[in-house]
Structures are given as C-alpha cells and as structure tokens.
Amino acid sequence: MISVVVPCYNEERNIHRLVKRFLPIAGKLSEKEFELVLVNNASYDGTSKIIDEEMGKYDFIKKVSLKKNLGYGYGILAGLSVCRGEWLGWIHADLQIPPEAFLEFEKIIRENPDKAKRFYFKGKRRGRPVSDTIFTIGMGVFESLYLGHRLWDINAQPTLIHKNFYKRFVNPPYDFSLDLYVYYLARKLGLKVVKVPVVQQKREEGVSSWNHGLKSRMLFIKRTLIFSRDLKKNIKGRP
C-alpha cells in the first residue's frame, strides 16, 4: 500500500481539486492499495469541513486534525504516524506539483521489487521561475559542500520512502527543514536517490504560507543554516 500525506493549512479552495487529482491514482492502485491522509494543520478557514465532505465520498481518505500549527514538517510527521502503507509519501496541497508522479514511483517499485526498499523517491522540478531556480541551486551547492553529500533540489516534491526508512527518523524537525533532514539521512544510510521529472505549475488558489518575498527567504535561509549545523553535528557518524 502507498500512503500519501498532504499537510493542509488554509487550503479550503484547493481541497476539492486536490482530491480530484488523486482519484486516478486511487483508481489505478485500488482503494485497498492507496491511502490519502489529509492533515488539517490548525486551519482557521473551511479546510476541516471540506476534508470531511471528501471523506464522506471516498473511503481512501483519512483525516488528521491538529489544534496547533507547529510547522510544515510537524504536519507531515503527524500524518505519517497514522499511515498504514508500506510506502509513505508526501506532497504540498497547492497542486503546483502534479501528484501523478506517485504513479511513476509505483511503476519503478514494481519493476524493482528486490531493490526498491533502498530507494528514496523524489520529484525533479522543471518549469520554475528563474529566481526560484537560482535560489535552489545556491542552497543545494552550499548544503552539498557543508554536509558532504550531494543534495540537489532539496525541497522538491513529491517524496516517497519505504516504512523501514521512516523508522530510522530520530528527532526530525518540525519546519521546512524536514525535507533536508530526510534527504541527508537517506544519503547517510546509502539509499539510492531516484528522481522523476515533474513540471511545476502556478498556484491557482491560496497563497504560500512562507514565501512572501526576500524577507521570508532570508528567514528561511537563516533557519536552514542553523538546522544544517545541528544536523551535521547530531547525525555525524550515524550508521
């Protein structure tokens, strides 16, 4: 079974479209082999109500409700904690990245039944604004040099991992650094990084919860640098 977690913070205008995009995936894999975990990350709009409406329509949807928003990473971790699947994934709710990439991941798993448990699946973003691409390249170069492992397009979506890898998580971060933590840990453990090209779309509804311009990016960089320092110290030498 594949379980996909989607953290939702004030995404009332995206939920219906999000579920619709996952219907072909649930249909192809069958509802017994697919689970969509929608995490209401303490939204103050109608997100919770709309998730309930979708749950009434489809049995493959599960809901997690958080009373306090402790961060993007915490929302994902809360969802992962209730997943039933052998394979665990996550993706943003804004539909900028096509969830159909999970079908590509599943195909690779079927074609490599003996090796796939040691794969770390990740999207490879295309079609992004030049400024975003430059920012991503800069962060990738820095983290690769600083942490000693090739880390490219760190925050790319979607992500899919085996449950055995998930069990190796120790004190993962609650913010956007979760993607860096998982990527770095995968490298440290010698997992094979498998990337599937995805074309990033323009957000149709809602606004980003963190990317509001230069100031927000500078704060993001600051938090990431602090976490990178702690990450290198705490995971160094871990088998």
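Residues numbered from 1 in each chain as written. Predicted model: local features only at pLDDT ≥ 70, side-chain atom pairs only at ≥ 80, totals over all residues. Heavy atoms only, no water.

Caption draft 1: Local environment of the packing of helix 1 (residues 15-29) against helix 2 (residues 47-57). Interaxial distance between helix 1 and helix 2 falls to 10 Å at its minimum, and their mutual angle equals 30°. Considering their axes alone, helix 1 and helix 2 lie roughly parallel with respect to each other. Helix 1 and helix 2 meet at a crossing whose hand is right-handed. Contacts between helix 1 and helix 2 involve Ile15, His16 and Val19 from the former and Thr47, Ile50, Ile51, Glu53, Glu54 and Lys57 from the latter. Of the residues contributing to the contact of helix 1 with helix 2, the split by class is four nonpolar, two polar and three charged. (Axes fitted to C-alpha atoms, helices over the stretch in contact; angles between N-to-C directions. Helix = DSSP H or I, 4+ residues; strand = E, 2+ residues; numbered from the N terminus. Parallel < 35°, antiparallel > 145°, perpendicular 65-115°, else oblique. Left-handed = near helix turned anticlockwise from the far one by under 90°. Contact = heavy atoms within 4.5 Å. Nonpolar A, V, L, I, M, F, W, Y, C, P; charged D, E, K, R; others polar.)

Caption draft 2: Quick peek at the pairing of strand 2 (residues 34-41). The element strand 2 is extensively covered by neighbouring structure, given that eight of its eight residues are classed as buried. Here strand 2 shows no split at all, with Phe34, Leu36, Leu38 and Asn40 on one side and Glu35, Val37, Val39 and Asn41 on the other all buried. Bridging between strand 1 (residues 2-8) and strand 2 involves seven bridges; their strand directions are parallel. Looking at the pairing, Val5 lines up with Val37 of strand 2. Taken together, the six bridges between strand 2 and strand 3 (residues 61-66) define a ladder with parallel strand orientation. The residue bridging Leu36 from the neighbouring strand is Ile61, located in strand 3. (Buried < 20%, exposed > 50% of the residue type's maximum accessible area, 1.4 Å probe, protein only. Pairing = 2+ DSSP bridges.)

Caption draft 3: Summary view of the pattern of salt bridges. What the rule picks out here adds up to seven salt bridges. Taking the shortest distance from any N to any O, the salt bridge between Glu35 and Lys62 comes out at 2.9 Å. Taken together, the positions of Glu35 in strand 2 and Lys62 in strand 3 put the pair 27 residues apart, joining distant regions of the chain. Its salt-bridge partner being Glu35, residue Arg84 comes within 3.1 Å of it at the nearest N-O pair. Of this pair, Arg84 sits in the loop between helix 3 (72-80) and strand 4 (87-90) while Glu35 is found in strand 2, placing the two residues 49 residues apart along the sequence. (Salt bridge = Lys/Arg side-chain N within 4 Å of Asp/Glu carboxyl O.)

Caption draft 4: Here's a closer look at the pairing of strand 4. Residue alternation in strand 4 divides its side chains into two sets, Trp87 and Gly89 and Leu88 and Trp90, and both sets are buried. Bridge count for strand 1 against strand 4 is four bridges, and the pairing is parallel. Within the sheet, the bridge partner assigned to Ile2 lies in strand 4 and is Trp87. Two strands pair when backbone bridges link them, and strand 4 and strand 6 (residues 159-162) are joined in this way by four bridges, in the antiparallel orientation. Bridge pairing in strand 6 places Trp87 opposite His162.

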